Amino acid sequence: MTEAFLPIELINVVFSHLSLREQAAAAQTCSRWSRAFGQMEALSLTIGRNLAGPGAASRVIAKFRKLKLLEIVPCSSTPASIIRFAEQLPVMPTLTHLHLETTAAVSKILDRNVTPRLTHLTLVEAITAPCSHLYRSPAASILQTVFGRGLERIDLNIPLAMAAEGWDETDWDGPNGQDMQDADRDCKELAVRSLHVDSLKTLIKHFIGRRPFPNLEVLELHSEEAVLSRDEIEIIRQHCPALRELVLTGIWIDVDGLVTFARDLRGLTRLRLVGCDIPWLATGAEGVVRCLMHLLPGLKRLELIHNRPRDVLGPYAESMFLHPVSANPTLTTLVLLGCETPTNGVLPVISAAALEVLRIDNLAPDDTILSSLPRTLRQLDLKFKQQSIRSDSGYATPVSQQLQNPPSNLISVTLHNPPLHLLASIVAHASGVRTLDLQHLSADAPPLLVPALRSTLKGITSLTVHAHGAHSVNTVLAYLKVFNRSSLRVVKLNATHPFFEATTADSPPELPIPDLSPNLHTLTIKGLTPRFTHLPSTLTILSLPTLTIPTTLPLHPLRRLRRLTLIAPVPLAVPDGDGGETPEARTVSALHAAHGTLCERYATALWADMPWLDACVIRADDVRRAWLRRWVVGRVNRRIGELTGGAHG
């Protein structure tokens, strides 16, 4: 089968990996590819000067007759171009999802004659974006247009419009008030971002509080300083009777206790709190989970991420949640991150739940952790506290005496600073694991017991190993040898050295890497200089901390390689043609420019040998740090000399 007779669906997959310019060039291959180019259903456009000219929007959009998803973002160098492009958008009869990063021409774009099938809208406008169009189209009319359209999902991040007090200035009860209420009945998901104190209050009291949202199921409110009172929570529950998912970010929840807060949220299936100030219980994370599981019996997803607890106790809080609660049969996802106290007490509470996803940190090593986990788990992410003594990491006790039985259905495991015996239990019994991510492994001592690990992970497809310490390189390689399988598709290795050693040591010696899976498509290595006998020809992404690989190992067989990243492990020479200036005489911007020139020269030379690459990135961070250090020292010495000379005179 030749490329000209590939199925249209497969050609569309090819186009999805190309830029608009590359798609247009590929469409000239033959008539079949040209027809496939016009049948693309998803398109992402970065608007620069070339697409800001008269008629450019109509010419581009006209080529895509079946377009359903459209993303329009501005070019950083010409942010005003997106306004001219948006004002020229033509009729898009098949469009259902729109991501637009400007509020210009919103009234025109949301007209039912222009986008009759639109159901999902994401509207973004940076606070530094050009805002001249806001004077021609007040914020109130923008919000009224968005909510008057009758969309199913609305995601707003328009701080400039909301700062103009659009929520309370909009005439929600004006001549089109009944039409607005009918449109609100279609809204099922609403997300509002970049809320400040006043805009959150006006949003709830003057918008949500004035009309019913009978079908709203998901509400997201994102802020950094806003306060949410109990009265406002009651308004939300009263006017959004179908609400099932609530997401709050960066909000002070002003209620008299966690019990009161949970009772006001009865009926939720998902609760996500990120960076919020919330009332806590003296029993810590265990009491909080008990409380929420008891008062929200239908909860399916509970996510508490880096919140700031307040010791505010509601009535009967301590007496109610010191006793065991019945298992929550609906809870499938629990995320508990950023707790100040150990979270081991949470595990017995959830042991009988039907959890499938568990992410929890600040765990203290305990021999009963794995046996306390629900048997239904499929994704596990545990982060253990840093240990000061090596025996707590499983180095002193034989691993065979500490094995436990982990959940047998695990397919993805992420462990941060795990005890060795706990890792040994997982790899010995959870044979279905496909993704293994080991982070912050302590490597202060040689990995003598790692080779003794008995792994049954025959189907593992992704392996990530990050070790830190004096023996980090040997530790990373030891784990690679244990888990190296022909099924691997992704391998990421990171060896972090102590700070003083990393900044003063010479270039590390090249270390042999065992033969990798012939099916590998992603390889990333940091912190060690590898030596390969060969690389798999299936690689598409390669990142190595060396610039000598092209000379020591030919990369020409890697015809599938699309992205290559090389990081210089040692300082390089200053690029030629710099006018003889020393780094001490440069400005910071000039130093960054010189660093960019140096990296670009290496990348250009390498790209000439491998023209099939989509991206070639060269990084020389040591050079930039050395130059900046010398520049700062030179400026300080020069200033001291000036002050000393003036005082001496």
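Trainee: Residues and numbers for the pairing of strand 16 (residues 357-363), please.
Mentor: Of all seven residues that make up strand 16, five are buried, and the element is covered over most of its length. In the sheet, strand 15 (residues 333-337) pairs with strand 16 via four bridges, with the strands oriented parallel. If you follow threonine 333 over to strand 16, its bridge partner there is valine 357. Here strand 16 runs beside strand 17 (residues 379-384); their pairing, made up of five bridges, is parallel. Paired with valine 357 across the two strands is glutamine 379, which belongs to strand 17.

Trainee: So, the packing of helix 12 (residues 197-207) against helix 13 (residues 230-239): which residues are in play, and what are the values?
Mentor: Between helix 12 and helix 13, the least distance of the axes is 10 Å, while the angle of their chain directions is 40 degrees. The pairing of helix 12 with helix 13 is recorded here as oblique in orientation. The crossing of helix 12 and helix 13 is left-handed. Contacts between helix 12 and helix 13 involve Lys201, Ile204 and Lys205 from the first element and Glu232, Ile235 and Ile236 from the second. A breakdown of the residues in the contact of helix 12 with helix 13 according to their chemical character gives three nonpolar, no polar and three charged.

Trainee: How would you sum up the packing of aromatic side chains? Please name residues and give values.
Mentor: Both the distance between ring centres and the angle between the ring planes are used here to describe each pair of aromatic rings. The tally for this structure, following the rule as stated, stands at three aromatic pairs. When the centroid spacing of 4.5 Å and the interplanar angle of 55 degrees are considered together, the rings of phenylalanine 147 and phenylalanine 207 count as tilted. Of the two residues, phenylalanine 147 sits in helix 8 (residues 139-147) while phenylalanine 207 sits in helix 12, which places them 60 residues apart along the sequence. Within the aromatic cluster, the residues linked to one another by ring pairs are Phe147, Phe207 and Phe213.

Trainee: Describe a nonpolar patch on the surface, with residues and values.
Mentor: The grouping of Val632, Val636 and Ile640 at the surface amounts to a nonpolar patch, some 240 Å² of accessible area in total. Within the secondary structure, valine 636 sits in helix 24 (residues 621-648).

Trainee: Please set out helix 13 residue by residue, giving values where relevant.
Mentor: If you check which residues of helix 13 are buried, you get Glu232, Ile233, Ile236, Arg237 and His239. In the core, the buried residues of helix 13 are packed alongside helix 12, strand 7 (218-223), strand 8 (227-229), strand 10 (252-254) and helix 14 (258-264).

Trainee: Which residues make up empty space enclosed by the protein, and what are the values?
Mentor: One pass over the structure, following the stated rule, counts three cavities of 30 Å³ or more. In this structure, the second largest cavity spans a volume of roughly 40 Å³. If one sorts the elements of the lining of the second largest cavity by residue count, helix 13 sits on top with three residues. Across the lining of the second largest cavity, the residue classes tally to seven nonpolar, no polar and one charged.

Trainee: Explain the confidence of the model for the protein chain to me, and be specific about the residues and the numbers.
Mentor: Interpretation of this model should avoid reading the predicted coordinates in detail wherever pLDDT is low. Scored by pLDDT, the protein chain has a mean of 79; 82% of the residues are at 70 or more. Note on residues 388-402: pLDDT under 50 across the span, and 22 contacts to partners over four residues away in sequence or across chains. A low-confidence stretch, residues 499-506 stays under pLDDT 50, and its non-local contacts, those more than four residues away or across chains, total two contacts.

Trainee: Could you give me a rundown of the nonpolar core, with the residues and numbers involved?
Mentor: If you look at the biggest cluster of nonpolar residues, it comprises 180 residues, and the most contacted ones within it are Leu70, Leu221, Leu271, Leu358, Tyr479 and Leu523. Sort the elements by how many residues they give to this core and helix 20 (residues 472-483) lands first, with eight residues. Not counting residues up to four positions away in its chain, the partners in contact with leucine 358 are Leu334, Leu347, Ile350, Leu373, Leu377, Gln379, Leu380, Asp381 and Leu382.

Criteria and cut-off values
Residues numbered from 1 in each chain as written. Predicted model: local features only at pLDDT ≥ 70, side-chain atom pairs only at ≥ 80, totals over all residues. Heavy atoms only, no water. Buried < 20%, exposed > 50% of the residue type's maximum accessible area, 1.4 Å probe, protein only. Helix = DSSP H or I, 4+ residues; strand = E, 2+ residues; numbered from the N terminus. Pairing = 2+ DSSP bridges. Axes fitted to C-alpha atoms, helices over the stretch in contact; angles between N-to-C directions. Parallel < 35°, antiparallel > 145°, perpendicular 65-115°, else oblique. Left-handed = near helix turned anticlockwise from the far one by under 90°. Contact = heavy atoms within 4.5 Å. Nonpolar A, V, L, I, M, F, W, Y, C, P; charged D, E, K, R; others polar. Phe/Tyr/Trp six-rings, centres within 6.5 Å; stacked < 30°, edge-to-face > 60°. Patch = residues over 30% accessible without salt bridge, like charges linked within 9 Å, V, L, I, M, F, W, Y side chains within 5 Å. Areas by Shrake-Rupley, 256 points an atom, 1.4 Å probe, with all protein chains shown as cover. Salt bridge = Lys/Arg side-chain N within 4 Å of Asp/Glu carboxyl O. 1 Å grid on protein atoms, 1.4 Å probe; cavity = no way out; pocket = protein on both sides within 12 Å on 5 of 7 lines; lining within 4 Å. Points joined across faces, edges and corners; volume = space filled by probe spheres on them. pLDDT = per-residue confidence, 0-100. Core = buried A, V, L, I, M, F, W, Y, C linked by side-chain atoms within 4.5 Å.

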